[in-house]
Amino acid sequence: MATELTRNFSIIAHIDHGKTTLSDRLLEFTQTISEREKQDQLLDAMDLEREKGITIKSHPVAMQYTAKDGVTYRLNLLDTPGHVDFSYEVARSLAACEGAILMVDAAQGVEAQTMANLHLAMGQNLIIIPVLNKIDLPAADVDKCKQQLEDILAIPAEDAIPASAKNGIGIEEILEAVVARVPAPIENEDKLLRASVFDSVYDAYRGVISYVRVFSGTIRKRQRIKLFATGKTYEVKEVGVFTPKMTERDELIAGDVGYVIANMKSADEAKIGDTLTDATHPCPEALPGYKEIQPMVFSGIYPVDSSDYEGLKTAMGKLQINDAAFSYSSESSTALGFGFRCGFLGLLHMEIIQERLRREFNMDVISTYPSVIYEVTKTSGEDVIVDNPSFLPEPQEIQEIREPMVKVYLMIPGEYIGDMMALVMEKRGDVVHTETIDDTRVMLTCELPLSEILVDFNDRMKSMTRGYGSMDYEHHGYRPAKMVKMDMLIASEPVEAFSTIVHRDKAEGYGRALALKLKEVIPQQLFVVAIQACIGGKIVASERISAMRKNVTAKCYGGDITRKRKLLEKQKKGKEKMKQFGKVSIPQEAFIKVLKSG
Ligand code: GDP
C-alpha cells in the first residue's frame, strides 16, 4: 500500500488502564482478527508475561481500515513492553512510529507509569492522541482527567477522546483520529534502503526474525542486505507483514512495518536499533538512535547441585540465542563452586531469566546479591568498569567511584508525602520536584541511586501507600559516590560470596545485619568463630559464634540405635555439602539462606 496511506502508531498506558482491551477492539473493528483467532493468540503468549501482566516482546499488527473519507488505510500498531527494564526497546519501537495513543483510565487519572514512555514519545516528536478510557464506570471523571492532561502533561484537553474499550465506545473515533492526526511516513529523497530493527525474535526453525520499520527504499526476497552495527551481509530469505500472523509479501516499502528473515543464527546478529540497508547500494549513514545494549544489573548464578553445571551452561546458551540483552560468562567462587556471572537489563529481566531457568530447564539455581555497574577512575588516570565486588581496585588505587542514578516519578496520595520523603532520603535520594495532581494526589520527582531501588524500594512504596502509589523511572547518568568494598571474614578468612560494594555511610549497618544473619546460619564449631565485616582492613561490625560442646548424638537416649544411625548418616551427608573456609566448614545451605534473603 502506498506510503501516504500508512499510519504507524503505538499505545502508551499505565498497567490496567486498558491497552490490551483497546488493542483487541481495534483488531476486531478492522476485522483483522476473529474471536477464534483471539483465543489462539492469547494461548500463544508466554506464561510469564501473562503472570507479570507485562508484554516483554513487541508484536506489531497491520490493520486495514476504511475511513469515513472512503479511503482504505494501513494502520500499523506497534506494541511496546510495559516495563522500564526494556526502555531501550520501547524507545526503538516508538522511533518506528509517527504517533502514539496515550491511554488514561478516566476513573484513576494520570499515573506515574506512563510518564517515562510519554517523555520518550514527545522527545521523538510523535503526535499524541489522548484517550480517556473506562467512561462506562460510574467513578469516571472525564473533566478532571482533561484538567490533568493539561496541567501535568501539557496536552490540550480538547484533543482527548472519551472511550470505553470494554463496551466498544469511541473505537471508531480513535481510528479516525489515527488517520487524521498521525502523519503519513515521509520517505528520504535518495530512496536508498533504510530500515530500523526495532525487535527480533528467535525461531528454532527459521533463525532470527527481525521486526523492521522501513524508512526509505524497498526490501525484497533475495536482496543482499547489510547491517550497520556488525557490518555483516546476508541474503534476504523472506519479507512480510503481521496480519497479525506472519504473512509473506513480495516487498516492504517506505513506511511499512514488517519482518525480515535472512539466515541469522542468533539474536545478537540483529541488534535492536540497528539499521538495515542494501549491501550494494548502502545508505551513507545509519538511522539515529542506535545504542549497544548495556546490562545494568549483574548477579552470579550457580547451580545448587554442582553436577548441574553443564546443564546450566546449555540452558544459558539457549536463553541468549533468544535474548541478546542477556549476557553471561563463567566464574567460580570458593563458596558456590562453578557458575556464571550474568548481566541483565534490570531486576525484572533478572527475575524472568531465573524463572525461565527454573521452569523451562528445570534448573535449581542460587543467585548472588544483585550489583549495579560502577565507573571507577584510578589514581593512575585509568577508567575501569566494575560489575563484581571482587574486581574493585584497592582503596589506595581509587581516585573516584561513580554509581548509576535513576530519575523516579512517584505518584502518591498526599497524606503519605512525609513518609515517602523519608524513604527517599533513607535511600540516599533527593526529591527534586513536587507537584499537586488533584485534591488527593501528589507527584514527586526524585533522583536516586539505582542500587538503592533494586531490592525493596517498590515494595516499601506500595505498602507505605496501601497500594495506591505508583512509580516509574528512567536512567539518569552517573554520579560520584563514596562507595567501598565490604568483605566478610569468617574465622579470619574472607568469603568472597558475601563481599559487596556499599555506600560508606551504610556500611556499618549493612555489615551488622549480614554478620547477624551469618551467625544464625553457620553451625557451631568446636571452637569460637568470629564473623567480621571489614572495609579496607578495618573491622566495622562483628559477631561471635560460641564453641560447640555437646556430642551430636547425645540427645538420643541410649537404646534407639536406628535413630542414632540416621542422625549420623544425616550428618555425614551434610558434610559432603560443606565448604571449608580455613578451619570452619559452612554448609552450602547457609549460603543459600543468606543470599536468598538478600
Ligand atoms: P492493560 O494492562 O493496560 O493491558 O489493561 P487491560 O486491557 O488488561 O485492562 C485491565 C482491566 O480493565 C481489565 O479487567 C479490563 O476488562 C478492564 N477494562 C479495560 N477497558 C475497560 C473499559 O473501558 N471499561 C471498564 N469498565 N473496564 C475496562
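Named according to an unreviewed UniProt entry, the chain is Elongation factor 4 originating from Haloferula luteola. Heading Subcellular location (unreviewed entry) of the UniProt record for the chain holds this comment: "Cell membrane". If you open the UniProt record of the chain and go to Catalytic activity (unreviewed entry), you find "GTP + H2O = GDP + phosphate + H(+)".

Colleague: Help me out: how do you make sense of the UniProt feature "binding site: GTP" (unreviewed entry) in the chain in this one?
Modeller: Using the residue numbers shown here, the UniProt feature "binding site: GTP" (unreviewed entry) corresponds to Asp16, His17, Gly18, Lys19, Thr20, Thr21, Asn133, Lys134, Ile135 and Asp136. With respect to the helices and strands, glycine 18 occurs in the loop between strand 1 (6–13) and helix 1 (19–29). With respect to the helices, strands and loops of the structure, lysine 134 is situated in the loop between strand 5 (127–133) and helix 6 (142–153). By relative accessible area, lysine 134 is classed as partly exposed at 22%. Residues in contact with lysine 134, not counting those within four places in the same chain, are Asp16, His17, Asp105, Ala140, Ala163 and Ser164. A distance of 2.8 Å separates the side chain of lysine 134 from the backbone oxygen of aspartate 16, its partner in a polar contact.

Colleague: When you look at the site of the ligand in this model, what are you seeing that I'm missing?
Modeller: Around the ligand, the structure places 15 residues, and the nearest of them are Asp16, Lys19, Thr20, Thr21 and Asp136. Residue lysine 134 places a side-chain N or O atom 3.0 Å away from an oxygen atom belonging to the ligand. For the ligand, an oxygen atom lies 3.1 Å from a polar atom in the side chain of serine 164. Coverage of the ligand by the protein amounts to 73% of the 580 Å² it exposes when considered alone. Examining the composition of the shell around the ligand, we find that three residues originate from one element, helix 1, more than from any other. Tallied by class, the residues present in the shell around the ligand amount to three nonpolar, seven polar and five charged.

Colleague: Is there a simple way to explain the pairing of strand 7 (residues 194–203) in this structure?
Modeller: In regular strands, side chains alternate between the two faces of the sheet. Extensive coverage of strand 7 is indicated by the burial of eight of its 10 residues. Note: strand 7 against strand 8 (residues 207–216), nine bridges, orientation antiparallel. Among the inter-strand pairings, serine 200 is bridged to a residue of strand 8, identified as serine 210. Counting the residues between successive antiparallel strands, the hairpin from strand 7 to strand 8 contains three residues. Relative to strand 16 (residues 275–278), strand 7 is paired through two bridges, and the arrangement is antiparallel. When the bridges of strand 16 are listed, serine 196 appears paired with threonine 275.

Colleague: Would you take a moment to explain the sheet that holds strand 6 (residues 161–162) for this structure?
Modeller: Taken in spatial order, the six strands of this open sheet run 2-3-1-4-5-6, and their pairing is mixed. Lying at the two open borders of the sheet, with one neighbouring strand each, are strand 2 (61–66) and strand 6.

Colleague: What's the story with the packing of aromatic side chains in this structure? I'm lost.
Modeller: Geometry of an aromatic ring pair is reported as the spacing of the ring centres plus the angle between the planes. If you walk through the whole model with that rule in mind, you get eight aromatic pairs. A cation over a ring is seen here: arginine 213 above phenylalanine 215, with NZ or CZ 4.1 Å from the ring centre. Above the ring of phenylalanine 228, the side-chain terminus of lysine 226 is found at 5.0 Å from the ring centroid.

Colleague: Is there a simple way to think about the pairing of strand 30 (residues 500–503) in this case?
Modeller: Going residue by residue along strand 30, you find Thr500 and Val502 tucked away on one face and Ile501 and His503 tucked away on the opposite face as well. Pairing analysis gives four bridges linking strand 28 (residues 483–490) to strand 30, with the strands arranged antiparallel. When the bridges of strand 30 are listed, methionine 483 appears paired with histidine 503.

Colleague: Sorry, what's going on with the nonpolar core here?
Modeller: What tends to happen in soluble globular proteins is that the nonpolar side chains get buried as a cluster. Formed by 47 residues in total, the largest nonpolar core has its most connected members in Leu357, Leu410, Met420 and Phe457. With six residues, strand 24 (residues 398–413) is the single largest residue contributor to this core. Looking at which domains feed residues into this core, each of domain 3 (297–368) and domain 4 (375–481) supplies at least three. Those residues in contact with leucine 357 that lie beyond four places of it in its chain are Ile301, Leu312, Ala315, Met316, Leu319, Asn362 and Met363. With 37 residues, the next largest nonpolar core counts Ala96, Val104, Leu153 and Ile437 among its residues.

Colleague: For this particular structure, what's the right way to read the sheet that holds strand 11 (residues 233–235)?
Modeller: In any sheet, the strands associate via hydrogen bonds between backbone groups, in a parallel or an antiparallel arrangement. With antiparallel pairing, eight strands are arranged side by side in an open sheet as 11-10-16-7-8-15-12-13. Because the sheet does not close on itself, it has two edges, and the strands there are strand 11 and strand 13 (246–249). If you compare each strand with its neighbour and ignore which way they point, the axes differ by 40° on average. Pairing of strand 12 (residues 238–242) with strand 15 (residues 257–261) involves three bridges; the strand directions are antiparallel. Following the sheet pairing, glycine 240 is matched in strand 15 by tyrosine 259.

Colleague: What is the right way to read the pattern of salt bridges from this model?
Modeller: Working definition: two side chains of opposite charge can pair if their charged atoms are close together. Under the counting rule described, the total for this entry stands at 32 salt bridges. With a shortest N-O distance of 3.9 Å, arginine 402 and aspartate 383 are connected by a salt bridge. Within this pair, whereas arginine 402 is found in strand 24, its partner aspartate 383 is found in strand 23 (residues 383–386), the two being separated by 19 residues in sequence. Classification of arginine 402 as buried rests on a relative accessible area of 15%. Looking at aspartate 383, the relative accessible area reads 52%, which means it is exposed. The closest approach of N and O atoms between arginine 460 and glutamate 426, which form a salt bridge, is 2.9 Å. Linking arginine 460 in helix 12 (residues 457–464) with glutamate 426 in helix 10 (residues 417–426), this pair joins segments that are 34 residues apart in sequence. Accessibility expressed as a relative area gives 30% for arginine 460, which makes it partly exposed. One salt-bridge network, in which partners are shared between bridges, spans Glu375, Asp383, Glu400 and Arg402.

Calculation rules
- Residues numbered from 1 in each chain as written.
- Predicted model: local features only at pLDDT ≥ 70, side-chain atom pairs only at ≥ 80, totals over all residues.
- Heavy atoms only, no water.
- UniProt positions renumbered as here; feature names shortened; annotations may be inferred.
- Helix = DSSP H or I, 4+ residues; strand = E, 2+ residues; numbered from the N terminus.
- Buried < 20%, exposed > 50% of the residue type's maximum accessible area, 1.4 Å probe, protein only.
- Contact = heavy atoms within 4.5 Å.
- Polar contact = N/O pair within 3.5 Å; in protein donor to acceptor, adjacent residues only side chain to side chain.
- Near = heavy atom within 4 Å.
- Areas by Shrake-Rupley, 256 points an atom, 1.4 Å probe, with all protein chains shown as cover.
- Nonpolar A, V, L, I, M, F, W, Y, C, P; charged D, E, K, R; others polar.
- Pairing = 2+ DSSP bridges.
- Phe/Tyr/Trp six-rings, centres within 6.5 Å; stacked < 30°, edge-to-face > 60°.
- Lys NZ or Arg CZ within 6 Å of the ring centre and 35° of its normal.
- Core = buried A, V, L, I, M, F, W, Y, C linked by side-chain atoms within 4.5 Å.
- Domains from an automatic or database assignment.
- Axes fitted to C-alpha atoms, helices over the stretch in contact; angles between N-to-C directions.
- Salt bridge = Lys/Arg side-chain N within 4 Å of Asp/Glu carboxyl O.

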